[in-house]
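In case you want the letters, here they are:
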Amino acid sequence: MRYRTFAEPDYDALQALDLAAQRQADPAFDTLPAREREGRLGTSLPALKFYERSEHSFAAQDEAGQMQGLILAQHVWQGDRPIVLVRAVILAPDAPEGTAEGLLRAAVKSAYDSAVYEVHFPLTPSLEAAARREEAHLTGGYAVCHLGTRAMSAPGERLGSGGQASGHNDGHDE
């Protein structure tokens, strides 16, 4: 497996990878409202252009040239120190074992090489082994408050009383 930065010629393959991963994660993905489908995909043209420049995002490509995974990460200034924040690790449905670990390792190395000493990422099942290998410290998981109509269909366990979304919905779409 080759872990490398990506560029515009890779965008179509990365978008196809993201779509395949979403369809595997949720077989009903194609029946969701358009706004929800767009919200779950992380590989829009503006997003890919941004993450391409981030210096901390990488693609995993196999020997046949097929994209097997993608990590989207960026540096963020916390006011007193920089961190690298991982937005997502996206894997092909048939990605070889170790792909997620290799992607995280590439992001950790890029952080270290740029004198950033904290990498924050959501602890997903695909990253558990990588987190252990990197001896990461668990400080909780990510929770996302979706405002607008996506609060009703966004993925993940919904927190709040009575199963009601606790986010604000003033009738406006996001």
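Further up the page is the structure itself.
Rules and cut-offs
Residues numbered from 1 in each chain as written. Predicted model: local features only at pLDDT ≥ 70, side-chain atom pairs only at ≥ 80, totals over all residues. Heavy atoms only, no water. Pairing = 2+ DSSP bridges. Helix = DSSP H or I, 4+ residues; strand = E, 2+ residues; numbered from the N terminus. Core = buried A, V, L, I, M, F, W, Y, C linked by side-chain atoms within 4.5 Å. Buried < 20%, exposed > 50% of the residue type's maximum accessible area, 1.4 Å probe, protein only. Contact = heavy atoms within 4.5 Å.

Here we come to the pairing of strand β3 (residues 67–77). Relative to β3, strand β2 (residues 58–61) runs antiparallel, the two being bridged by four bridges. Paired with A60 across the bridge in β3 is G69. Linking β2 to β3, which pair antiparallel, is a turn of five residues; within it G65 sits at a positive phi near 90 degrees. The pairing of β3 with strand β4 (residues 82–91) spans nine bridges and is antiparallel. When the sheet's bridge partners are listed, Q74 is paired in β4 with L85. Linking two consecutive strands that pair antiparallel, namely β3 and β4, is a turn of four residues; a positive phi of about 100 degrees is found at G79 within it.

What follows concerns the nonpolar core. One finds I71, V86, V89, L103, L104, F121 and L127 to be the most contacted residues of the largest nonpolar core, which totals 19 residues. For this core, the secondary structure elements donating two or more residues are β2, β3, β4, α4 (99–113) and α5 (128–133). Per element, the largest residue contribution to this core is seven residues, and it comes from α4. Setting aside its immediate chain neighbours within four residues, V89 contacts L70, I71, A100, L103 and L127. Ranked by size, the runner-up nonpolar core spans 15 residues in total, among them A21, M67, L72 and I90.

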